[in-house]
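Results of the structural survey
For reference, the chains in residue letters:
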Amino acid sequence: MTRERAKTWFVTGATGSIGRALVERLDGSVRLRVLVRGASTAAAHRRLAATLGPKGRAALADGVIEVVAGDLRSTGLGLSPLTRAAVTDDLAGVLHVAARTDFDGGADVDVYRDDNVLGALRVLQVA
Ligand SMILES: NC(=O)c1ccc[n+]([C@@H]2O[C@H](COP(=O)([O-])OP(=O)(O)OC[C@H]3O[C@@H](n4cnc5c(N)ncnc54)[C@H](OP(=O)(O)O)[C@@H]3O)[C@@H](O)[C@H]2O)c1
């Protein structure tokens, strides 16, 4: 008998409005590997836990959601080779939701390009 390998969705933007709503709608049959900004995995984990509701926090505690610390602005999203390999190894698909959304003129256009255009390309390169 062959056992089907568990498949994991790679998700960005889970601490934001759309990403949080998406993660909270998990039905338990889906595993997520979530890219969250943070100085360490533990810090990113804490940031995500602080933004999720009870259902999302339970999925985080159960390991249904795995947190990886990273940044759209970093080469390779700032992931280690080991984490990059894990992302591609059991990838079901990508839900790229993260973006710089302060569109009220706060930053130079190059900053938005780096986060939102090059950031999307970096996600594709990793996946
Ligand atoms: N909200 C809506 O009604 C709506 C409707 C249609 C389309 N959208 C689109 O959906 C996307 C998300 O919108 P949203 O409302 O959820 O935005 P949001 O609440 O501002 O959340 C943005 C998310 O992106 C993450 N992020 C930003 N820069 C990052 C970086 N450099 N590296 C890693 N993560 C980064 C943020 O993480 P941090 O917590 O670290 O900041 C946060 O999780 C955008 O493209 C938006 O245009 C939104």
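Description of the structure in this document.

Rules used in this analysis
- Residues numbered from 1 in each chain as written.
- Predicted model: local features only at pLDDT ≥ 70, side-chain atom pairs only at ≥ 80, totals over all residues.
- Pairing = 2+ DSSP bridges.
- Helix = DSSP H or I, 4+ residues; strand = E, 2+ residues; numbered from the N terminus.
- Axes fitted to C-alpha atoms, helices over the stretch in contact; angles between N-to-C directions.
- Contact = placed C-beta atoms within 7 Å.
- Core = buried A, V, L, I, M, F, W, Y, C linked by C-beta atoms within 7 Å.
- Buried ≥ 20, exposed ≤ 12 C-beta atoms within 10 Å, placed from the backbone.

Taken together, four strands build an open sheet; the order of strands is 3-2-1-4 and the sheet is parallel. Among the strands making up the open sheet, the edge pair consists of strand 3 (65–69) and strand 4 (91–96). Across the sheet, the mean angle from the axis of one strand to that of its neighbour is 20°, orientation sign disregarded. Helix-sheet contacts for helix 2 (residues 41–51) involve strand 2 (31–36) and strand 3, and the interaxial angle to strand 3 is about 125°.

Let us now look at the nonpolar core. Val34, Val36, Leu48 and Val67 are the most contacted members of the largest nonpolar core, which has 22 residues in total. For this core, the secondary-structure elements that each account for two or more residues are strand 1 (8–12), strand 2, helix 2, strand 3 and helix 5 (109–126). Not counting chain neighbours up to four residues away, the residues in contact with valine 34 comprise Val11, Ala14, Leu48, Ile65, Glu66 and Val67.

Here we come to the pairing of strand 1. Buried residues dominate strand 1, accounting for four of its five residues. Of the pairings in the sheet, the one linking strand 1 to strand 2 comprises five bridges and is parallel in character. In the strand pairing of strand 2, tryptophan 9 is matched with leucine 32. Across five bridges, the pairing between strand 1 and strand 4 is parallel. Each bridged residue has a counterpart across the sheet, and for threonine 8 the counterpart in strand 4 is leucine 91.

What is shown is where atoms sit, not what they do.
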